[in-house]
Amino acid sequence: SANHSLFVSVPASMACGLLPGWQAAWTDALTLAALTMNVSVTQAQDELARQAGPLSQAQRDTLREHPERSAELLAAMGVDDPVWLHAVRHHHTAPSGPMAGRPAEETIARLIRRADRYAARLSPRKSRPASSATAAAQVALLDEGGHTDEAGQALIRTLGLYPPGVWVQLQCGEIAMVLRRTPVAKCPIVASLVAKTGLPLAVPAL
């Protein structure tokens with residue numbers, strides 16, 4: 001659960017400046033909301049990551065209710081920032097559509113929603129493997145109606161289609177690890193580590 005919150009917070013904080021109308025003063029609320037959005041279900045999330053079978057109805061209810069419960073818990077702990085609390089409360093329900101002109105709380109909630117889905121696809125569970133980076137990118141780029149989402153676009157423009165740390169197979173058959181993003185989303189800098197024969201390369205090829 002802690003890893004997932006970090007995985008949402010860091011890309012969202014990197015991408016936020018690309019959103020229409022983004023203001024630097026909103027960054028703290030974004031970071032704090034992303035880190036605390038699941039504060040009421042940290043133990044449940046850890047258990048689900050290790051669970052091989054399907055969710056029970058009680059678990060489904062817990063997950064459905066957790067945004068409201070997390071906001072309530074934060075308020076009880078003394079959080080009084082309405083932007084932070086709104087983003088936590090609506091990080092699963094922030095509406096899609098153009099981002100320009102939205103208030104801070106809606107903009108933050110929308111960006112967290114896209115980053116949350118992206119991170120979830122790249123995180124393996126005992127019940128399912130992680131999705132490919134391109135499949136996760138598609139989830140981020142398209143909104144609930146299948147239309148291109150500006151918040152998702154900002155994430156992928158920031159991370160690239162193949163973010164650092166992802167394994168890829170090159171057209172030549174070699175297996176490589178992505179090292180660095182470039183201005184072209186589909187063209188990262190990679191290091192080839194495994195030859196097309198399946199044997200490791202003695203010297204990685206950039």
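Anything mentioned here points back to the structure above.
Residues numbered from 1 in each chain as written. Predicted model: local features only at pLDDT ≥ 70, side-chain atom pairs only at ≥ 80, totals over all residues. Heavy atoms only, no water.

**Q** Give a detailed account of the pairing of strand β2 (residues 175–180), specifying residues and quantitative values.
**A** Taken together, the 3 bridges between strand β1 (residues 167–169) and β2 define a ladder with antiparallel strand orientation. Bridged to V168 within β2 is A176. If you look at the hairpin formed by β1 and β2, you'll find 5 residues sitting between the two strands, and G173 has a positive phi there, around 100 degrees. Two strands pair when backbone bridges link them, and β2 and strand β3 (residues 189–194) are joined in this way by 5 bridges, in the antiparallel orientation. Bridge assignment links M177 to a residue of β3, and that residue is A191. (Pairing = 2+ DSSP bridges. Helix = DSSP H or I, 4+ residues; strand = E, 2+ residues; numbered from the N terminus.)

**Q** Which residues make up the nonpolar core, and what are the values?
**A** In terms of nonpolar packing, the biggest core is built from 32 residues, with L30, I108, L111 and I112 touching the most fellow members. Looking at this core, the elements with two or more residues in it are α1 (2–15), α2 (27–36), α4 (57–76), α5 (82–89), α6 (104–122) and α8 (150–159). Looking at this core, the element that brings in the most residues is α6, giving 7 residues. Ignoring any residue separated from it by four or fewer positions in sequence, one finds I108 in contact with W22, W26, A29, L30, A33, V83 and A87. Of all hydrophobic cores here, the second largest spans 7 residues; its members include Y118, A140, I156 and L159. (Core = buried A, V, L, I, M, F, W, Y, C linked by side-chain atoms within 4.5 Å. Buried < 20%, exposed > 50% of the residue type's maximum accessible area, 1.4 Å probe, protein only. Contact = heavy atoms within 4.5 Å.)

**Q** Let's hear about the environment of A137: which residues, and what values?
**A** When you line up the elements, A137 lands in helix α7 (residues 133–141). Along the chain, A137 and E65 lie 72 residues apart, while their C-alpha atoms are 27 Å from each other.

**Q** Go over the state of the cysteines with me, naming the residues and quoting the values.
**A** Taken as a whole, this structure holds 0 disulfides when the rule is applied. C172 takes part in no disulfide bond, and the closest cysteine sulfur to it belongs to C187, at a distance of 14 Å. (Disulfide = S-S within 2.5 Å.)

**Q** Pulling in residues and values, what's your account of the packing of α2 against α5?
**A** Where α2 contacts α5, the axes come no closer than 9 Å and their chain directions differ by 40 degrees. When the axes of α2 and α5 are compared, the pair comes out oblique. Where α2 crosses over α5, the handedness of that crossing is right-handed. Residues A29, L32, A33 and T36 of α2 form the contact with α5, whose participating residues are V83, W84, A87 and V88. Considering only residue class, the contact of α2 with α5 consists of 7 nonpolar, 1 polar and no charged. (Axes fitted to C-alpha atoms, helices over the stretch in contact; angles between N-to-C directions. Parallel < 35°, antiparallel > 145°, perpendicular 65-115°, else oblique. Left-handed = near helix turned anticlockwise from the far one by under 90°. Nonpolar A, V, L, I, M, F, W, Y, C, P; charged D, E, K, R; others polar.)

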